[in-house]
Amino acid sequence: MSEPVNSIFLSYASQDAAAAARIGEGLRAARLEVWFDQSELRGGDAWDQLIRRRIRECRLFVPVISAHTQSRLEGYFRLEWRLAVERSHLMADGKAFIVPVTIDAIDERHAEVPEAFRAFQWTPLPGGVPTPAFISRVTQLLTAAPAGAAATAATGAASHAGVVPAARAAPHTPRWVPVLGAALAALAIAAFVFLRGHGTPPASAPAPQPPASAPAAAAAATAPAHSVAVLPFTNMSGDPHDEYFSDGLSEELLNTLAAVPGLKVAARTSSFSFKGKNEEVSEIARKLNVATVLEGSVRRDKSHVRISTELIDAGTGFQRWSQTYDRDLKDVLALQSEIAGSVAGALKVKLLQSDAGGDVGGTDNPKAFDAYLRAEELARRPAISAQVGEETLRAYDAALAVDPNYANAYRGRAEARINYAFNSDLTPAEVGQLTDLGIADARKAAELAPNLGAAHSVIGNGLAGQQDYAGALAEFRKAMALSPGDARVYSRASGFFVGMGDTEGAIALARHATELDPLNPHAYESLQYVYYYAHRYPESLAAAQRSLELGPNLTRSLGWIGFANIELGNYEAAREACASEKMQWVSLTCLAVVYDRLGRHADAEAALHQLIQRYGDAASYQQAEIYAAWGDAPHALEALQRAQRTRDPGMQGIKADPLFARIKDDPGLKSLIEKLNFPNVSATPHL
């Protein structure tokens with residue numbers, strides 16, 4: 001079990017919330033970190049997981065024992081008590097963890113508590129009013145030296161404060177039960193108190209901060225000081241269909257923060273990879289290379305929304321800032337900017353006026369925003385089908401029907417149209433029409449929001465597919481200049497630049513995308529693609545392996561694994577990967593090549609025939625790849641001429657495509673490449 005976060009968990013019956021709040025407020029007045037959450041968000045799996053995580057991570061567990069806990073023989077607080085006791089059994093001898101307090105006159109001998117509680121000193125706090133002696137004691141415990149160096153001092157401090165020493169343990173008491181003073185002195189970390197009570201901003205002065213654990217401190221030291229990861233907010237609404245709203249709100253807040261100059265924000269895919277997982281904040285921060293983590297919860301009904309947020313310092317485990325917001329649902333968009341401003345302030349980063357107005361390309365209409373979030377959720381689905389494509393486009397249409405000036409909705413619809421056009425079984429004419437519509441949408445987005453770099457990236461992708469390479473180059477350059485922190489922009493640009501012949505620049509761009517979004521399988525898929533077209537096949541396979549580790553359902557990587565193994569001469573491994581690829585035009589192309597290398601020419605011909613039957617001229621470029629890999633230059637050139645006439649998107653890769661190696665010196669191929677007017681490019685200035 002890894003070292004837990006520096007925190008105190010205050011466990012109480014719901015009827016004692018006011019008394020628990022007084023304890024927390026007293027600790028905050030002493031400049032100790034306290035977190036209140038007056039959300040009343042009890043019940044449900046998400047809430048239960050959050051509580052279990054807090055108990056698992058906390059340094060100190062403080063059960064509040066009262067007349068209410070005496071009378072309630074069932075209650076969630078009893079599960080919390082049991083979980084705390086179970087965790088204490090995993091601890092080393094002499095490590096203190098459970099510190100009971102009483103707020104009513106309770107006879108300890110007859111209290112309805114776990115037997116383990118009786119082994120510890122109980123602190124009376126009538127009515128939940130923390131005494132100066134209690135505050136002094138807690139402060140000393142939280143700033144004490146390690147137990148071995150300060151046991152005597154801690155024991156003396158407890159006696160001076162008027163705290164009654166714990167009774168000597170009975171013979172059957174477990175050997176991990178220590179004298180309280182010596183045991184609590186082992187707590188050398190400051191804490192926040194987890195209260196499911198009233199939301200109160202933290203005191204302006206920071207709490208004393210003892211050294212963090214070595215791993216957390218090391219990670220914090222290497223991460224940029226002004227860096228943050230926005231974790232997906234927990235959906236507390238009780239309806240799993242509202243998941244899109246809590247996720248979308250988190251993502252839009254992330255986008256707003258990403259626009260702040262000088263602030264490094266972990267990309268969406270990497271941050272959201274921790275959804276539903278019980279990893280400690282320090283470990284999340286280490287993996288994302290950030291110094292702080294923003295997490296929260298969302299609960300909404302028909303007209304109201306409640307958002308609870310906290311910004312945690314990964315190195316110390318302390319909160320830098322926390323707040324609970326209760327607003328009308330119509331105010332949710334303005335609330336994003338308010339939260340972003342508070343986070344930026346806590347990180348001491350200046351939030352520019354343009355950033356304070358919301359995310360680039362956003363909307364002021366809550367209904368449009370809701371429809372947009374639904375569309376974005378659909379667009380992230382891995383399957384590419386007519387049904388998913390049409391459903392996604394309808395959702396973007398709904399957002400634009402409410403707000404026809406919603407730039408991000410135009411950008412989203414543009415991307416959905418172009419992605420579907422390039423990866424479907426549409427006819428060449430349909431691909432062209434859909435691509436034209438996508439480019440028009442993206443241009444509209446760029447017109448409405450000139451600083452929206454992602455819109456220019458989508459335009460560049462569309463133009464490259466239509467063989468306007470000079471135009472695409474200009475758009476990709478704009479995109480990288482406007483959105484230097486957007487991993488998607490760099491991933492798309494890397495594929496373009498490797499096709500244009502700038503292999504080293506393309507690799508640098510693709511690597512940068514993985515640095516910006518280190519847990520995004522699509523970023524590694526792009527890196528795999530770039531390495532393959534750079535003829536660096538072992539590195540392509542390594543990137544593919546990482547892509548599949550992060551996204552096991554991302555089968556597109558299997559196709560590139562197949563192609564890389566073909567070039568390495570690992571034909572049986574290539575065949576297995578090709579056969580497993582679910583995108584048929586990739587699988588069939590790969591199989592047609594590998595069967596030929598294996599001497600199974602009839603199977604190779606069958607795969608080519610199946611490709612032609614299913615996709616026709618829409619797969620002209622893939623037919624050319626197959627013929628070229630077979631060494632059949634005449635048929636390869638014939639297919640390439642069709643691909644050029646129909647503006648096949650695959651043509652942008654012809655200069656670097658390894659499958660054309662056998663006919664690279666053919667005069668007809670050289671002439672065709674010259675006619676495509678590829679520009680001279682360099683990606684290096686954009687890094």
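Before reading further, recall that the structure is shown in the block above.
As the structure is a computational prediction, the values presented were derived from the model and not from experiment.

Calculation criteria
- Residues numbered from 1 in each chain as written.
- Predicted model: local features only at pLDDT ≥ 70, side-chain atom pairs only at ≥ 80, totals over all residues.
- Heavy atoms only, no water.
- Helix = DSSP H or I, 4+ residues; strand = E, 2+ residues; numbered from the N terminus.
- Contact = heavy atoms within 4.5 Å.
- Areas by Shrake-Rupley, 256 points an atom, 1.4 Å probe, with all protein chains shown as cover.
- Disulfide = S-S within 2.5 Å.
- Buried < 20%, exposed > 50% of the residue type's maximum accessible area, 1.4 Å probe, protein only.
- Axes fitted to C-alpha atoms, helices over the stretch in contact; angles between N-to-C directions.
- Parallel < 35°, antiparallel > 145°, perpendicular 65-115°, else oblique.
- Left-handed = near helix turned anticlockwise from the far one by under 90°.
- Nonpolar A, V, L, I, M, F, W, Y, C, P; charged D, E, K, R; others polar.
- Core = buried A, V, L, I, M, F, W, Y, C linked by side-chain atoms within 4.5 Å.
- Expected span 1.5 Å × (residues − 1).
- Pairing = 2+ DSSP bridges.
- Phe/Tyr/Trp six-rings, centres within 6.5 Å; stacked < 30°, edge-to-face > 60°.
- Lys NZ or Arg CZ within 6 Å of the ring centre and 35° of its normal.

Participant: Which residues make up the overall build of the protein chain, and what values go with them?
Facilitator: Summing up its helical and strand segments, the protein chain has 30 helices and 12 strands in all. Long-range contacts, defined here as pairs at least 24 residues apart, represent 69% of the contacts in the protein chain between residues at least 6 apart. Accessible surface, the protein chain: about 28100 Å² in total, of which carbon and sulfur atoms supply 53%.

Participant: So what's going on with unusual backbone geometry? Residues and values would help.
Facilitator: With a phi angle near 65 degrees, histidine 535 is a residue other than glycine that sits in the positive phi range. Here histidine 535 lies in the loop between helix H22 (521-533) and helix H23 (537-550). Positive phi, normally seen in glycine, also occurs at arginine 647, with a value near 55 degrees. By secondary structure assignment, the location of arginine 647 is in the loop between helix H29 (633-645) and helix H30 (667-675).

Participant: An account of the state of the cysteines is requested, with residue identities and associated values reported.
Facilitator: Applying the stated criterion across every chain yields a total of one disulfide. Disulfide pairing is shown between cysteine 578 and cysteine 590; the S-S distance is 1.7 Å. Residue cysteine 578 is located in helix H25 (residues 571-580), and its partner cysteine 590 is located in helix H26 (residues 584-597); the two are separated by 12 residues in the primary sequence. Owing to a relative accessible area of 0%, cysteine 578 belongs among the buried residues under this scheme.

Participant: Any details on the packing of helix H28 (residues 620-630) against H29? Residues and values, ideally.
Facilitator: Running from N to C, H28 and H29 cross one another at 165 degrees; their axes reach a closest spacing of 8 Å. One finds that H28 runs roughly antiparallel with respect to H29. In terms of crossing hand, the pair formed by H28 and H29 is left-handed. Contact with H28, carried on its side by Ser620, Tyr621, Gln623, Ala624, Tyr627 and Ala628, involves His635, Ala636, Ala639, Leu640, Arg642 and Ala643 of H29 and no other residues of that element. Class assignment of the residues belonging to the contact of H28 with H29 gives a composition of eight nonpolar, three polar and one charged.

Participant: Could you give an account of the nonpolar core, naming the residues involved and the relevant values?
Facilitator: One finds Phe496, Phe497, Leu640, Met651 and Ile654 to be the most contacted residues of the largest nonpolar core, which totals 134 residues. In this structure, Ala13, Phe61, Val113 and Phe117 belong to the second largest nonpolar core, which totals 22 residues.

Participant: Lay out helix H4 (residues 76-88) in plain terms, naming residues and giving numbers.
Facilitator: Relative to the 18 Å expected for 13 residues at 1.5 Å per residue, H4 spans 19 Å between its end C-alpha atoms, a close match to the ideal helical length. Buried residues dominate H4, accounting for 10 of its 13 residues.

Participant: So what's going on with the environment of valine 228? Which residues, and what values?
Facilitator: Relative to the helices and strands, valine 228 is located in strand S7 (residues 227-230). Along the backbone, valine 228 and isoleucine 312 are 84 residues apart, and their C-alpha atoms lie at a distance of 9.3 Å.

Participant: Run through the pairing of strand S12 (residues 319-328), naming residues and quoting values.
Facilitator: As defined by bridge partners, strand S11 (residues 304-313) adjoins S12 across nine bridges and the pair is classed as antiparallel. By the bridge assignment, leucine 311 is partnered in S12 with tryptophan 321. Hairpin connection, S11 to S12: the antiparallel pair is bridged by five residues, and glycine 317 has positive phi, about 80 degrees.

Participant: Break down the packing of aromatic side chains for me, with residues and values.
Facilitator: This model, assessed by the stated rule, comprises 19 aromatic pairs. Arranged with centres 6.5 Å apart and planes meeting at 80 degrees, the rings of tyrosine 244 and phenylalanine 245 form a pair that is edge-to-face. You'll find tyrosine 244 and phenylalanine 245 in the same group, each marked buried. Here tyrosine 532 and tryptophan 560 contribute two aromatic rings whose centre-to-centre distance is 5.6 Å and whose plane-to-plane angle is 45 degrees, an arrangement assigned as tilted. You can see tyrosine 532 sitting in helix H22 and its partner tryptophan 560 sitting in helix H24 (residues 556-568), a full 28 residues away along the chain. Under the relative-accessibility criterion, tryptophan 560 is labelled buried at 8%. Taken together, the ring pairs connect Tyr529, Tyr532, Tyr533, Tyr537, Trp560 and Phe563 into an aromatic cluster. Over the ring of tyrosine 524 we find arginine 546; its NZ or CZ atom is 5.9 Å from the centre of that ring.

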